[in-house]
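Single-letter residue listing:
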Amino acid sequence: MSTDPCEIKLKRVPSRKRSRDGVRSHLTPKKNVSSSETPAGEEELKTYFEDPESLFGSVDMKRKPAFLSSPPQYCSDHEDLFGDYDSILGDCSFMARLEDVEQDAKRQSTEKALEGSSAVDQGWGGGLRSSSPAFGALKTAGDHSRTTCGEGHAESDTMSGLNNKLHEDIPSSQSVFQQEVFTGTERGDTSTPVEKATGEHHIPDGSAERQGPKPHARWSMTDRMKRAMLENASAPSPSISKLAAWKEAVMTEEMDAAANTVQTVSSEIDLGPFYGLPTKVKDLIANLRGIKELYDWQKTCLTLDSVQQRRNLIYSLPTSGGKTLVAEILILKELLCRKRDALLVLPYISLVQEKLHMLGEGSRGALLEMTLAKVLYISKSTQIIGMSATLSNVEDLQRFLKADNYTSDFRPVQLVEYVKLKDTIYEVHPQEDDCFQFSRVLNFKYSSSMQKVDPDHIIALVTEVIPAHSCLLFCPSKKNCENVHFLHYYFLLHREAEKAVLLQELRSSGGGALCPVLQATVPFGLAYHHSGLTNEERKLVEEAYTAGVLCLLTCTSTLAAGINLPARRVILRSPYVAMDFLKRSQYKQMIGRAGRAGIDARGESILILQEKDKLLVKQLVSSPMESCYSQLMHDNGKGVHSLILSLVGLKIARTLEQIREFVLGTLLNVQESHTCPERKLWDITQDSLEFLRQKGLLKVSKDCENNLVLEVTSLGRATYKGSIDMTYCDILYRDLSKGLDSLMLNSLLHLVYLVTPYDMVSQCKPDWMIFFRQFSSMTAAEQKMASGVGVPESFVARKAAGQSVKKPADPTVAARLYLALVLFLLVKENSLWSVANRFQLSRGFVQSLLSSASAFCSCVLHFTEELEEFWAYKALLTELTRRLTYCVRAELIPLMEVAGVLEVRAKQLYNAGYKTLSHLANADPSLLVQTIQNLSRKQANQIVASAKMLLTEKAEALQEEVNDLLALPPDLPSF
């Protein structure tokens, strides 16, 4: 053994049996592991973080992994805790040297004391100096301030290298003990940990006579070290999740490096591993998306000065150029590197699942403009990134957002545009004078009967590409989508087994019911896609199309707005959407589905036109993109009204001058000459203020300095907090007030009527015979309630019989009651299919009505919470919101919280014994597949994974509540 005290080695001493279980596993030091080996715990951890399928799909929740095993058991103070492990206590020569050092220090201290020194002995704690926390359990305050006797110098010289060799990896319990020592140090406590625990204070031998009664005998070095280590080992572990700590540690190093890079690099050099992000992000994009290299434009965009300096930016490219990936990378950079929040704002519910932008579209555009204007006004540090297809007036948006612009015409796959007139195909060349240039004549033999059935030659165009490639057929109406199903019988043989599985899944999603049109078309590889489908049917159809099981989708134009369903060929059956001629942006959206990157080598679009539309179509294909304009004046200035009410309610602007300043920062102001050419914007603003005052939503008052300020009334506050459309706020208030006088509580019908969305009324015209049959089945109390809102039985009966009505009811009220009856049956747990059939409505509309009613019920709840007179509605509407959201028995609701579990599936699971979230989280996917009918292995894995995730989230939320309850109040009174 080396005699150099700085090179002390750890030596294993003979093993002895332990008297308690668990101690050996807790204290066994780390084994040396070669670079090619990984300890079991680390390997399992790696699996946990890198393989979500392993984490949620196959790990048994009942069995914790090795690194989350049961907490260690500690020995008593009387047990030799270190007998059979590597320990400096096992090295006798080392301990002898320590004893010599102690005796020398003791002797020097005694001599100084006899010489009249007034130094105060600080014990062994003052002698051990360590700059590393690895040996901090033996440090005291003296280590940080001063050493007042010769003992400290001698001992610190001897131990100068010891702390660099021992305890490089401190267990959590030792860290806690060390922290307690540091806390004592900050308070000026100079006793060692052992002294603090026992209450003993040691004094030098030489000064014993002068300091009173002789204290207890001084502890030996061996006893002191052993005692300190015992204190370390028995200290309680911190109440921090090891899994959370590991998660934090996994990416800390790369994230810190990336953050430093983002802060220090200039725009002229590389940003780091992956544009300022950890390399793990690049690996995930490659593994999950199959994207191993970014396009050149994406690389350029991500290294722009605007991005690096966090200036606002608008980037615009054609459809399918890869805009979304850039947005995702920028969001991840904010979340991971800068530790800031990010929002992705989208206009449609369907787009929230798939992603797009529409600043210039109706009420959605107005809401988006208001949101952006508020962000610009309130926060100067928030970065706004706008992405869109090519725009003709992007300069207006730049001025509004104070943003830079990046534009490219890049498209990863060549797109060739065609039009078909009669049986001739023409290629489109937008830049030429004659933009239609002959390409070919269709060569497809039609019988006379087939020519009548398919005058547009749809079958000929479709069969040129399917089933080897995919095809999308855009139709002007839903009915057109469902009429195209005349294909040759040999298409039945293509992926026949998989189509049979799809039909089973569609039937299962409908609770045993299957759409007859889909039943007839799916075997041919064909399906329709429009709002008449339920969400579950739409999801199954999209997945089957993406997988190639379905090769042809007939759809309405709504599919083009952001749904990522690519095709080799896109066919537009008509240049119309319903009765309106196509806009350039709509046309580009549709044909943009053709030839998506990584799917096809090329894409092509074919627009079928009639001779009468030839000139309009030429203008369509050759005209520039439409401009994007402010929609705050949409629907008679409703956007301006809503904007001002929210500004005052949120106290963003409360004086006329502040409102003027805000309005000057809107897109409406930038485009004032176009959007409101006849009046000045400030005049419009003042008229809006007067409108809100007359409507009882705003009032004028005086502040403490006697200045005039604007305030919202109680009704105004309820309106903007409940997100109630200003058109209906006073109608809603009237209906709720009237309801308080005669609210029917022995049935849910009255409450359901009160939360039936006003804006859905215009989408449904009552079938009076169906209405009468439903009215006749109502109870006497429910019929009385209907009469109370203005729809008596006599009125419904006369309408059903086709007779004239002397005293007609309000048609809006009657239609709203009709929709309320639809919702009422759903709340009573009737299936969506049966309700749709009973009222002769599409199941997609019924599902949309239910979703809208659930959202509106929540809005009405917030509306009533702001008005004291409606206190009684709070409990009633809280329960009704839950009922409308799920429309099932209470015991099924926990199961329906799991992604992929709807009513039918929830009933199957419940009947099979999976009655709680915990049951699903611990389920065996293989057993689920065997037990639950029409459940695939993929679906089973998703259900179990989702249940585990949800269960973990609930557990973490409960843990946070526990921590909050046990935490000391920050404002606790003290001396």
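Residues numbered from 1 in each chain as written. Predicted model: local features only at pLDDT ≥ 70, side-chain atom pairs only at ≥ 80, totals over all residues. Heavy atoms only, no water.

## Describing the side chain of Glu334
Tracing the sequence through the fold places Glu334 in helix H14 (residues 323-337). Residue class for Glu334 comes out buried when judged on its relative accessible area of 8%. Side chain to side chain, Glu334 and Arg338 meet in a polar contact 2.8 Å long. Ignoring anything within four residues of it in the chain, the contact list for Glu334 reads Arg310, Lys339, Arg340, Asp341, Ala342 and Gln383. (Helix = DSSP H or I, 4+ residues; strand = E, 2+ residues; numbered from the N terminus. Buried < 20%, exposed > 50% of the residue type's maximum accessible area, 1.4 Å probe, protein only. Polar contact = N/O pair within 3.5 Å; in protein donor to acceptor, adjacent residues only side chain to side chain. Contact = heavy atoms within 4.5 Å.)

## Some remarks on a nonpolar patch on the surface
On the surface, a cluster of nonpolar side chains totalling about 460 Å² of accessible area is made up of Tyr489, Tyr490, Leu492 and Leu493. Looking at where Tyr489 falls in the secondary structure, it is placed in the loop between helix H20 (478-483) and helix H21 (496-509). The exposed category is assigned to Tyr489, whose relative accessible area is 58%. (Patch = residues over 30% accessible without salt bridge, like charges linked within 9 Å, V, L, I, M, F, W, Y side chains within 5 Å. Areas by Shrake-Rupley, 256 points an atom, 1.4 Å probe, with all protein chains shown as cover. Salt bridge = Lys/Arg side-chain N within 4 Å of Asp/Glu carboxyl O.)

## Notes on the packing of aromatic side chains
Tallying each qualifying case throughout the model produces 18 aromatic pairs. Look at Phe444 and Tyr446: their rings are 5.0 Å apart centre to centre, the planes differ by 65 degrees, and that puts the pair in the edge-to-face class. Of the residues examined, Phe444 reaches a relative accessible area of 36% and is grouped as partly exposed. Owing to a relative accessible area of 17%, Tyr446 belongs among the buried residues under this scheme. A network of ring pairs unites the aromatic residues Trp768, Phe771, Phe775, Phe795, Tyr818 and Phe839 as a single cluster. Its guanidinium or amino end placed over the ring of Tyr758, Arg816 lies 4.0 Å from that ring's centre, counting from NZ or CZ. One residue, Arg889, lies across the ring of Tyr910, its end atom 6.0 Å from the ring centre. (Phe/Tyr/Trp six-rings, centres within 6.5 Å; stacked < 30°, edge-to-face > 60°. Lys NZ or Arg CZ within 6 Å of the ring centre and 35° of its normal.)

## Some details on the nonpolar core
In terms of nonpolar packing, the biggest core is built from 106 residues, with Ile659, Phe771, Phe839, Phe863 and Leu877 touching the most fellow members. Per-element accounting of this core gives the leading share, 14 residues, to helix H37 (residues 811-827). Setting aside residues no more than four positions away along its own chain, Ile659 makes contact with Ile644, Val648, Ala653, Trp682, Thr685, Leu689 and Leu710. (Core = buried A, V, L, I, M, F, W, Y, C linked by side-chain atoms within 4.5 Å.)

## Notes on helix H26 (residues 634-649)
In an α-helix there are 3.6 residues to a turn, and that puts residues three or four apart on one side. The end-to-end C-alpha distance of H26 is 22 Å, a good match for the 22 Å that 16 residues give at a rise of 1.5 Å each. Taken together, the buried positions of H26 are occupied by Gly637, Gly639, Val640, His641, Leu643, Ile644, Leu645, Ser646, Leu647, Val648 and Gly649. Phi for Lys651, located one or two positions after H26, is positive at around 60 degrees. (Expected span 1.5 Å × (residues − 1).)

## Quick look at the pairing of strand E14 (residues 698-702)
Taken residue by residue, a regular strand's side chains alternate between the two faces of the sheet. Where E14 meets strand E15 (residues 708-712), 5 bridges bridge the pair, whose relative direction is antiparallel. The residue of E15 that forms the bridge with Val700 is Leu710. Counting the residues between successive antiparallel strands, the hairpin from E14 to E15 contains 5 residues, one of them, Asn706, with a positive phi of roughly 70 degrees. (Pairing = 2+ DSSP bridges.)

## So, the environment of Ala797
Residue placement: Ala797 occurs in helix H36 (residues 793-801). Taking relative accessible area as the criterion, Ala797 reaches 27% and is therefore assigned partly exposed. Sequence separation between Ala797 and Ser776 is 21 residues; the distance between their C-alpha atoms is 9.4 Å.

## Quick notes on the sheet that holds strand E13 (residues 603-609)
Here we have 8 strands laid out as an open sheet, ordered E6-E5-E4-E13-E10-E7-E9-E8, and mixed in their pairing. The sheet is open, and its two borders are formed by strand E6 (436-441) and strand E8 (526-529), each paired with just one other strand. The mean inter-strand angle of the sheet, taken between neighbouring strand axes irrespective of direction, is 25 degrees. Both E8 and strand E9 (residues 552-555) contribute to a ladder of 4 bridges, which runs parallel. Considered in E9, the bridge of Tyr528 is made with Thr554. Most of the contacts of helix H24 (residues 584-591) go to strand E10 (residues 569-572), to which it runs at about 145 degrees, and overall it touches strand E4 (415-421), strand E7 (471-474), E10 and E13. (Axes fitted to C-alpha atoms, helices over the stretch in contact; angles between N-to-C directions.)

## A word on the pattern of salt bridges
Summed over the entire model, instances satisfying the criterion amount to 28 salt bridges. Its salt-bridge partner being Arg816, residue Asp735 comes within 3.2 Å of it at the nearest N-O pair. Here Asp735, found in helix H32 (residues 729-741), pairs with Arg816, found in helix H37; they are 81 residues apart in sequence, far enough to count as distant. As far as the burial class goes, Asp735 and Arg816 line up, both buried. What emerges from the salt-bridge pattern is a single network uniting Arg440, Glu464, Arg569, Arg602 and Glu604.

## So, the sheet that holds strand E1 (residues 313-316)
Read from one edge of the open sheet, 3 strands run E2-E1-E3, paired in parallel fashion. In the strand order of this sheet, the two ends are held by strand E2 (385-388) and strand E3 (404-407), each with one partner. Each adjacent strand pair in this sheet contributes to an overall mean axis angle of 15 degrees, direction not counted. Across 4 bridges, E1 lies against E2 in parallel orientation. Bridge pairing in E2 places Tyr315 opposite Met387. Across the sheet, H14 touches E1 and E2, and the angle it forms with E2 is around 165 degrees.

## Describing the confidence of the model for the protein chain
Close inspection of predicted coordinates is inappropriate for parts of the model with low pLDDT. The predicted model of the protein chain has a mean per-residue pLDDT of 77, with 69% of residues at 70 or higher. Contacts from residues 117-216, a stretch scored under 50 in pLDDT, to residues over four places away or in other chains number 149 contacts. Confidence over residues 264-271 falls short of pLDDT 50; this stretch has 9 contacts with residues more than four positions distant or in other chains. (pLDDT = per-residue confidence, 0-100.)

## Considerations on unusual backbone geometry
Backbone torsion omega between Ile466 and Pro467 reads 0 degrees, so that peptide bond is classified as cis. Looking at where Pro467 falls in the secondary structure, it is placed in the loop between helix H19 (458-463) and E7. Backbone geometry places Asp635, a non-glycine residue, at a positive phi of 55 degrees. On the secondary structure map, Asp635 appears in helix H26. Look at Lys651: it is not a glycine, yet its phi comes out positive at around 60 degrees. Tracing the chain through its elements places Lys651 in the loop between H26 and helix H27 (656-663). Taking relative accessible area as the criterion, Lys651 reaches 60% and is therefore assigned exposed.

## Things to note about H32
The first and last C-alpha atoms of H32 sit 19 Å apart over 13 residues, in line with the 18 Å expected at 1.5 Å per residue. Among the residues of H32, those classed as buried are Cys729, Leu732, Asp735, Leu736 and Gly739. Taken end-on, H32 shows its buried residues confined to a sector of 125 degrees, consistent with a single buried face. H32 presents Arg734 and Asp741 as exposed residues on the side facing more than 90 degrees away from its buried surface. (Arc of directions from axis to C-beta.)

## Description of the environment of Gly548
Along the chain, Gly548 falls in the loop between helix H23 (535-546) and E9. Those residues in contact with Gly548 that sit more than four places away from it in its chain are His494 and Arg495.

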